[in-house]
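Geometric and topological summary
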Amino acid sequence: MLTGVDHVQLAAPPGSEDRLRAYYVGVLGMAEIPKPPVLAARGGCWFRAGAVQLHLGIEDDFRPARKAHPGLRVTDIGTYAARLQARGAAVTWDADLPGHRRFYSHDPVGNRLEFLEPVV
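The following refers to the structure shown. (Residues numbered from 1 in each chain as written. Predicted model: local features only at pLDDT ≥ 70, side-chain atom pairs only at ≥ 80, totals over all residues. Heavy atoms only, no water.)

1. Brief notes about the overall build of the protein chain
We count it as follows: Numbering of helices and strands starts at the N terminus; helices are DSSP runs of H or I of at least 4 residues and strands are runs of E of at least 2. To get the radius of gyration, use the C-alpha atoms; to get the globule rule, take the number of residues to the power 0.38 and multiply by 2.2 Å. Throughout, exposure labels follow a simple rule: accessible area from a 1.4 Å probe, protein chains only, divided by the maximum for the residue type, with under 20% read as buried, over 50% as exposed, and the rest as partly exposed. Any two residues having at least one pair of non-hydrogen atoms within 4.5 Å are treated as being in contact. Areas reported as accessible are Shrake-Rupley estimates using a 1.4 Å probe. Residue values count occlusion only from the protein chains shown. The charge count treats Lys and Arg as positive and Asp and Glu as negative. His and the chain ends do not count. Here the site of a charge means atom NZ of a Lys, CZ of an Arg, CG of an Asp or CD of a Glu.
The helix and strand inventory of the protein chain stands at 3 helices and 8 strands. The N-to-C order of helical and strand elements in the protein chain reads β-α-β-α-β-β-β-α-β-β-β. Over its C-alpha atoms the protein chain spans a radius of gyration of 15 Å, differing by no more than 12% from the 14 Å that the globule rule assigns to 120 residues. Seen through its C-alpha atoms, the protein chain measures out along the principal axes to roughly 45 × 40 × 25 Å. Within the protein chain, the proportion of its 120 residues that are buried is 40%. Within the protein chain, contacts between residues separated by at least 24 positions form 53% of all contacts whose residues are at least 6 apart in sequence. Looking at the protein chain as shown, the accessible area adds up to about 7300 Å², and 55% of this sits on carbon and sulfur atoms. Each charge sign in the protein chain was given a centre, from 14 positive and 13 negative side chains, and these centres are 1 Å apart.

Below you can see the structure in the form of structure tokens.
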């Protein structure tokens, strides 16, 4: 029986870890969490914010997905979007999901991320 999502893994190109850290920690406000040593040898990095974990794994022939993405819930979405923009990340608003405010952004290697907040 499924009980929840433990983490979402996204791919990244070799040598991109410093750019990923700058974005996921500096822009999104997540904390980096240590990878187990046997997995750390493969490269990549892991991040957490509350119960949300994103793992970025290295893929030699990396190509960002065009449509696939994690949907990340946020609070005070307008302020969060302004945070991203103030730190140089592009934000694209999308009003097509009833009952939600949402926008898309891309990490420095091209992974698409959706940020959404239910409208109360």
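2. As for the pairing of strand β4 (residues 52–58)
So the rule is basically this: The pairing criterion is simple: DSSP has to find at least two bridges between the two strands.
Across the 7 residues of β4, 5 count as buried, placing the element largely inside the fold. Here strand β1 (residues 8–12) pairs with β4 via 5 bridges, running parallel. Each residue of the ladder has a partner; that of Ala11, found in β4, is Gly57. As judged from the 5 bridges shared by strand β3 (residues 45–49) and β4, these two strands associate in the antiparallel manner. Residue pairing in the sheet places Ala49 in a bridge with Val52 of β4. Taking the residues that link successive antiparallel strands as the turn, the β3-β4 hairpin has 2 residues, and the phi of Gly50 there is positive, at about 60°.

Nothing here speaks to function; it is all geometry.
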